[in-house]
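Descriptive structure summary
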Amino acid sequence: MEPSSPKEETKLPPELRPPCPSRPTEKSHHEIQLFISCCDLKDLYHGAKLDPYCRIWLKNDERTDWKLLCKTNVVRGTLNPDFATPIGIDYCFEKNQDIRFEIYDDDQGEEEPQAQHTCKVAQIVGSPSQTYSGDLDHRHEGGRIIVQAESIKREDQSIKISVSCTGLKSKKKNLGFTATDHPFLVIKKCDKHNPTDKDYAEAEVVYTSETQHKTLNPLWHVGELTIEDLCYSDLDIPLIFEIWSAQPKEKNRIYGTVKGTAREFMEKEDQPIPIIKRQGNQYGKLYFDKFKMVHNPAIIDYFQSGWNLTFSVAIDFSLSNGEFSDPGSLHFIDSDDFAKKSPYEEVLTEVGSILQWYTADNKIPALGFGARTRLSSRTMEPDCFNLNGLKDWEVEGIEGVIQAYRKAIEGGMQPSSPSNFEPCIRRMMEFIEERKEMNEYNVLLIITNEPSTDWATTIPTIAEASHLPLSIILVELGDTDILKYDSLQTDSSSFKDFKRKPSLREIFQFAKFSDYDDFPHSLKENLLQQIPDQFIEYRLLSS
């Protein structure tokens, strides 16, 4: 470790930055590569085999146009081409990305594709072993395209840091009678391996902690910093740990500094390191209670290892929605315009258009609540029920959910009260327990017109569900103040009121449908962008 340079102490830290989170936020965007091949292309030219190549188009979401990404190499004289050109794509979990593959024959020009196939990027990523196969259409009926996805290796390592100090020299004013000891930590990085004093003075601030008041023995749980942010992914780049005293009405004063590299600090974990002041004097000791390299996987890494998602829905049919035949009802189906969707169907379509592609078999468990069916007991409050009215509650894709939803409305269902979705969460928990040996993470979409009427049961049930591979997303369609849903956040103080299993992690998000009237596509993106983080957090906690 080097002694501190006098020049660096003349440079006060910039405006304080918020502390690093305990874990880096998982970026939902992740770069992948696609490898394309075809089999059994049709011989259109009577024995003269094709010289095929592929052009790839991408439509990033509903609001963008098709964009040509690239075209592959030409493979000469074959009906079963294996294209060597990898296709790089910025994959985003919460977006509805369409991709189109067009097969051309190099001998025939580029006027018209010989065959083509369109699918979702999510279908490729969510396929077993991330190998997708689909039928080619147009002139090559019977041929197939095979697309293999691979994650592009990225910088996914972080360093988890916890720092404590002992024996700091007190800062005093008013002739030494008043102590002003309010330490905070600043971490800086240099941009070269052999920095000069000027380089140290101009080092970039990486992290600034919160201030700890009235102590000479501070402890900072810095959390995780990516190695890119901490040291440009170079463990031998010089770092500076500065310990400062915050002064309310004058310039902040420095206790001292520690210099070294990430590699050196990992080797000195739990060992005392001198904090050096300007003249080279020691002003206390710094300890790295933790300085460890950690690996932060992406959700696509779990898909590659065999995990997949299940998607389920629970729909509110309670009286608060209005009578089904009332045009003002949230469940009203216009007999003169069957193509027009009810608000419930709009939410199902928006969210389901993403999540259904990650299910291994496109089967979606579908429930209803807040109504009495023909099988309901009149002496009991309405419980959750299978939307399709069958023993098997799974339906085929989001279109199957909408068909079951319309049949349920037409089948003599009686809206009732109260509106309580806790039994649907409990039913989903039982489903997960029955399949606990399977590598599945589950997402439950609840669509309702009003908050649950049984908070005392719902809140601890969500806390209990936080121990399972489950996320819950709720869309509220009515006029209820959405702030009432704050009590369902699993990190809320409300959970302290219930002597049940404590919450393990945050699994609940909610949104008010009317907030997205002008931007309906943003609804699913805002609701789903936390799912990868919650998936990863569950796997890290359960491993």
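Source: prediction; values computed, not measured. (Residues numbered from 1 in each chain as written. Predicted model: local features only at pLDDT ≥ 70, side-chain atom pairs only at ≥ 80, totals over all residues. Heavy atoms only, no water.)

Comments concerning the pairing of strand β9 (residues 144-151)
Under the convention used in this document: Burial classes: relative accessible area under 20% of the type maximum marks a residue as buried, over 50% as exposed, and values in between as partly exposed (1.4 Å probe, protein chains only). What counts as a helix is a DSSP run of H or I of at least four residues, what counts as a strand is a run of E of at least two, and both are numbered from the N terminus. Pairing between two strands requires that DSSP report at least two bridges joining them.
On β9, burial follows the alternation: Ile145, Val147, Ala149 and Ser151 on one face are buried, whereas Arg144, Ile146, Gln148 and Glu150 on the facing-out side are not. Sheet topology places strand β7 (residues 131-135) next to β9; five bridges connect them, and they run antiparallel. Across the sheet, the residue bridging to aspartate 135 is arginine 144, located in β9.

Let's talk about the state of the cysteines
Rules: Count a disulfide wherever a pair of cysteine sulfur atoms falls within 2.5 Å.
Evaluated as defined, the whole model comprises zero disulfides. Residue cysteine 424 stays outside any disulfide, its sulfur separated by 4.3 Å from that of cysteine 384, the closest cysteine. Relative accessible area serves as the criterion here: at 0%, cysteine 424 is assigned to the buried category.

Section: the nonpolar core
In plain terms, the rule: Within this scheme, the nonpolar core is defined by two criteria: the residues are buried Ala, Val, Leu, Ile, Met, Phe, Trp, Tyr or Cys, and they are joined through side-chain atoms within 4.5 Å. Residues are treated as being in contact if the distance between any of their heavy atoms lies within 4.5 Å.
Ranked by size, the top nonpolar core spans 82 residues in total, and within it Leu34, Ile99, Phe101, Phe317 and Leu445 carry the most contacts. Broken down by element, this core gets its largest block of residues, seven residues, from helix α7 (residues 397-410). Residues contacting isoleucine 99, with those up to four places away along its chain left out, are Leu34, Ile56, Trp57, Leu58, Trp66, Ile89, His117, Thr118, Cys119, Lys120, Val121 and Ile124. Counting residues in hydrophobic clusters, the runner-up holds 29 residues, among them Ile159, Tyr207, Leu239 and Ile243.

Digging into unusual backbone geometry
Phi angles above zero are rare outside glycine, and aspartate 40 is one such case at about 60°. Relative accessible area serves as the criterion here: at 52%, aspartate 40 is assigned to the exposed category. One non-glycine residue with positive phi stands out, namely serine 233, at about 65°. Within the fold, serine 233 resides in the loop between α3 (227-231) and β16 (238-245).

Remarks on the sheet that holds strand β3 (residues 67-71)
Strand order across the open sheet formed by five strands is β3-β2-β5-β6-β8, with antiparallel pairing between neighbours. The sheet is open, and its two borders are formed by β3 and β8 (137-138), each paired with just one other strand. Pairing analysis gives four bridges linking strand β2 (residues 52-59) to β3, with the strands arranged antiparallel. Each bridged residue has a counterpart across the sheet, and for isoleucine 56 the counterpart in β3 is cysteine 70.

A look at the packing of aromatic side chains
Our working rule: Aromatic pairs are defined between Phe, Tyr and Trp rings, using the six-membered ring for Trp, whenever the two ring centres lie within 6.5 Å; interplanar angles under 30 degrees are classed as stacked, those over 60 as edge-to-face, and all others as tilted. Placement of a charge over a ring requires the Lys NZ or Arg CZ to be within 6 Å of the ring centre, with the centre-to-atom vector within 35 degrees of the ring normal.
Counted under the stated rule, the structure contains 20 aromatic pairs. Aromatic side chains phenylalanine 241 and phenylalanine 288 sit 5.0 Å apart centroid to centroid with 80° between the ring planes, which places their arrangement in the edge-to-face category. Of this pair, phenylalanine 241 sits in strand β16 while phenylalanine 288 is found in strand β19 (residues 282-295), placing the two residues 47 residues apart along the sequence. Its relative accessible area of 0% is what places phenylalanine 241 among the buried residues. When the centroid spacing of 6.1 Å and the interplanar angle of 70° are considered together, the rings of phenylalanine 303 and phenylalanine 535 count as edge-to-face. Of this pair, phenylalanine 303 sits in helix α5 (residues 299-304) while phenylalanine 535 is found in helix α11 (residues 531-542), placing the two residues 232 residues apart along the sequence. Assigned by exposure class, phenylalanine 303 and phenylalanine 535 land together as buried. Among the aromatic residues, those joined into a cluster by ring pairs are Phe93, Tyr302, Phe303, Trp307, Tyr358, Tyr441, Phe535 and Tyr538. The ring of tyrosine 200 carries lysine 259 above its face, with NZ or CZ at 3.5 Å from the centroid. The ring of tryptophan 393 has arginine 427 lying over it, and the distance from NZ or CZ to the ring centre is 4.3 Å.

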